[in-house]
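Structural overview for review
So you can see what is in the structure, the chains are spelled out below.
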Amino acid sequence: LFDGIYPFYPQQRKVAVFDVSSIIVIVVFLTFACSFLLIIPGIRGRARLYWTLRVLLSLLVGAVIVAVQFTGDWETGWVKANTSYKSFSHALVNADIGLHVGLAGVNVTLMGNPVNQINETIDYNEHFSWSFDADYDQSYSEGLERGLPSPILYVAEKFTTQSPCSMHRQYRISGHYASATLWVAFCTWLISNMLFSMPVLVYGGYMLLVTGAFLIFSLLSFSTVRNSLICPIQFGTATLHMSYGGSFWLTLAIGLLCFVAGITVVALHYFSSDLLKTFFDLREDKAEEHQEMTEVYVNTHFVNNGR
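It should be emphasised that the depicted structure is a prediction, and the values quoted were computed from it without experimental measurement. (Residues numbered from 1 in each chain as written. Predicted model: local features only at pLDDT ≥ 70, side-chain atom pairs only at ≥ 80, totals over all residues. Heavy atoms only, no water.)

**A word on the overall build of the protein chain**
Applied cut-off: Helix and strand labels come from DSSP, where a helix needs a run of H or I of at least four residues and a strand needs a run of E of at least two; each type is numbered from the N terminus. Note on exposure labels: buried denotes an accessible area under 20% of the residue type's maximum, exposed denotes more than 50%, and partly exposed covers the range between, all computed with a 1.4 Å probe on protein chains only. The contact rule is simple, with two residues in contact once any of their heavy atoms fall within 4.5 Å.
Secondary structure assignment for the protein chain yields 10 helices and seven strands. Here the protein chain holds 307 residues, and the buried ones make up 44% of them. Of the contacts formed within the protein chain by residues at least 6 apart in sequence, a portion of 68% connects residues at least 24 apart.

**Observations concerning the packing of aromatic side chains**
Here is the rule we go by: Between the rings of Phe, Tyr and Trp (Trp by its six-membered ring), a pair exists once the centres lie within 6.5 Å; its type follows the angle of the planes, with under 30 degrees stacked, over 60 edge-to-face, and the other angles tilted.
Summed over the entire model, instances satisfying the criterion amount to 19 aromatic pairs. Pairing tryptophan 130 with tyrosine 136 gives two aromatic rings, centres 6.2 Å apart and planes at 35°, and the pair type is tilted. Between tryptophan 130 and phenylalanine 159 the ring centres are 6.1 Å apart and the planes differ by 40°, which places this aromatic pair in the tilted class. Taken together, the positions of tryptophan 130 in the loop between strand E4 (120-129) and helix H3 (136-146) and phenylalanine 159 in the loop between helix H4 (150-157) and helix H5 (167-197) put the pair 29 residues apart, joining distant regions of the chain. Assigned by exposure class, tryptophan 130 and phenylalanine 159 land together as buried. Every member of this aromatic cluster is reached through a ring pair, and the members are Trp74, Phe128, Trp130, Tyr136, Phe159, Tyr171, Phe222, Tyr244, Phe248 and Trp249.

**Let's talk about the pattern of salt bridges**
Pairing between side chains of opposite charge can happen when the charged atoms of each approach one another. Heads up, the condition is: Note on definitions: salt bridges are taken to be side-chain nitrogens of Lys or Arg within 4 Å of carboxyl oxygens of Asp or Glu.
One pass over the structure, following the stated rule, counts two salt bridges. For the salt bridge of lysine 86 with glutamate 120, the shortest nitrogen-to-oxygen distance reads 2.6 Å. Here lysine 86, found in the loop between strand E1 (75-84) and strand E2 (92-101), pairs with glutamate 120, found in strand E4; they are 34 residues apart in sequence, far enough to count as distant. What makes lysine 86 buried here is its relative accessible area of 16%.

**Digging into a nonpolar patch on the surface**
Worth spelling out the cut-off: Here the term patch refers to residues with relative accessible area over 30% and no salt bridge, with like charges joined within 9 Å and nonpolar side chains (Val, Leu, Ile, Met, Phe, Trp, Tyr) within 5 Å. Computed by Shrake-Rupley with a 1.4 Å probe, the accessible areas treat only the displayed protein chains as cover when residues are assessed.
A surface patch of nonpolar side chains, amounting to about 380 Å² of accessible area, comprises Val20, Ile24, Val28 and Phe32. Mapped onto the elements, valine 20 comes out in helix H1 (residues 20-39). A relative accessible area of 58% places valine 20 in the exposed class.

**Observations concerning the pairing of strand E3 (residues 105-117)**
Heads up, the rule is: Strand pairing follows a simple DSSP-based rule, namely that at least 2 bridges must link the two strands.
Relative to E3, E2 is paired through seven bridges, and the arrangement is antiparallel. Looking at E3, one finds that valine 101 is bridged to valine 106. As consecutive antiparallel partners, E2 and E3 are separated by three residues. Two strands pair when backbone bridges link them, and E3 and E4 are joined in this way by nine bridges, in the antiparallel orientation. From the neighbouring strand, threonine 109 faces E4, where its bridge partner is asparagine 125. Here E3 hands over to E4 after two residues, with isoleucine 118 in that stretch at a positive phi of 45°.

**Re the UniProt feature "transmembrane region" (unreviewed entry) in the protein chain**
In plain terms, the rule: UniProt positions are given in the numbering used here, feature names are shortened, and annotations may be inferred rather than shown by experiment.
Within the UniProt annotation, "transmembrane region" (unreviewed entry) is assigned to residues 20-39, 51-71, 91-110, 177-196, 202-225 and 246-271. In residues 20-39, the share of helix is 100% and the share of strand is 0%. The end C-alpha atoms are 29 Å apart. From the first C-alpha to the last, residues 246-271 spans 37 Å; its make-up is 100% helix and 0% strand.

**Side note on the side chain of serine 129**
To keep it simple, the criterion reads: Under the rule applied, a polar contact is a pair of N or O atoms within 3.5 Å (in protein, one hydrogen donor and one hydrogen acceptor; residues adjacent in sequence only if both atoms are side-chain atoms).
Relative to the helices and strands, serine 129 is located in strand E4. Of the residues examined, serine 129 reaches a relative accessible area of 13% and is grouped as buried. Polar side-chain contacts of serine 129 include one of 3.2 Å to the backbone oxygen of alanine 104. Within the structure, serine 129 has its side chain in polar contact with the side chain of serine 131 (distance 3.1 Å).

**So, H4**
Along H4, six of the eight residues are buried, which leaves the element largely enclosed by surrounding structure. Ser150, Pro151, Ile152, Leu153, Val155 and Ala156 are the residues of H4 that are buried. Residues of H4 that are buried sit in contact with E1, E2, E3, E4, H3 and strand E5 (233-235).

**Focus on the packing of H5 against helix H6 (residues 201-223)**
For any two helices packed against each other, the geometry comes down to the angle between their axes and how far apart the axes lie. Formally: What counts as an axis is a line fitted to C-alpha atoms, over the stretch in contact for a helix, and the angles between N-to-C directions run from 0 to 180 degrees. For classification purposes, an angle smaller than 35 degrees is called roughly parallel, one larger than 145 roughly antiparallel, one from 65 to 115 roughly perpendicular, and anything else oblique. Ten residue types, Ala, Val, Leu, Ile, Met, Phe, Trp, Tyr, Cys and Pro, are classed as nonpolar, four, Asp, Glu, Lys and Arg, as charged, and the remainder, Gly among them, as polar.
Where H5 contacts H6, the axes come no closer than 8 Å and their chain directions differ by 170°. In terms of orientation, H5 and H6 fall into the roughly antiparallel class. When the residues that make up the contact of H5 with H6 are grouped by side-chain class, the tally is 18 nonpolar, nine polar and no charged.

**Some remarks on the sheet that holds E3**
Within the open sheet, the five strands sit side by side as E4-E3-E2-E1-E7. Their pairing is antiparallel. Among the strands making up the open sheet, the edge pair consists of E4 and strand E7 (243-244).

**What about the packing of helix H2 (residues 47-67) against H5?**
Note the cut-off: Handedness of each helix crossing follows the sense of rotation of the near helix against the far helix: counterclockwise by less than a right angle gives left-handed, clockwise gives right-handed.
Direction vectors running N to C along H2 and H5 enclose 160°, while the axes themselves pass 9 Å from each other. Taken as axis vectors, H2 and H5 run roughly antiparallel relative to one another. By crossing handedness, the relation of H2 to H5 is classed as left-handed. Residue-level inspection shows Ser58, Leu59, Val61, Gly62, Ile65 and Val66 of H2 in contact with H5, the latter providing Leu182, Trp183, Ala185, Phe186, Trp189 and Asn193. Residues that form the contact of H2 with H5 fall into these classes: nine nonpolar, three polar and no charged.

Okay, structure coming up:
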């Protein structure tokens, strides 16, 4: 301490929901979408609407599959409590304490009500990673050395490997399996787009179903942490309760969308193939080819000489 005040230290900050990686993914897919919108006026007739619908929906699915890998709101929880702010101090602060769990780590947020209390600005957001190239316990030890506020250290301690709660192992393994399953879903999404462009429409529909299945498998993998007892996170009489966050529900919505789209393509293939070909802009092409093959130009001079 320097005159009773904690010295300045660089904080390991990371936005609780979106970080730089998520923003990069969104910008890349938005660039693809804008590039397509620039060329869409060159498509004639109703095919313009069909192309727009297909491309934008496909880019939406791909963007969500990649972006949720880096978001930090698969599971979230907030609690408002009066809690101690510093170690070895009886001073209490009123603050909102948030926990955001992602596939690669956790974010712990501490925001005072009001922000300025006890002559300090209480506004923290600390990230603790458990990805393959990171050491969670080391990050926690560095937080202790930097003198992070007590509520942040208390929440982060629940996820250390030495904690009797075993929350680190549960969340880390489930997050890694969920991430791997999402990358498989991204690969099947790419294959489905290739099959639709060949065109092998019915197999593209099957791959959409496989994409939806892997998205659901990733949700089931992450949900396995609910099957075991989780240590309560309490601040006095207040308890921090966890619930599924926006990334979880968004992944579920995209998985259901893939199922609906895949079932629709397969059903149209067997019951109304002409309508399916029209939607994928194939019927008009075949009609033009057929027209070019059947039209014959006859020179009447040679016909008369032949007679």
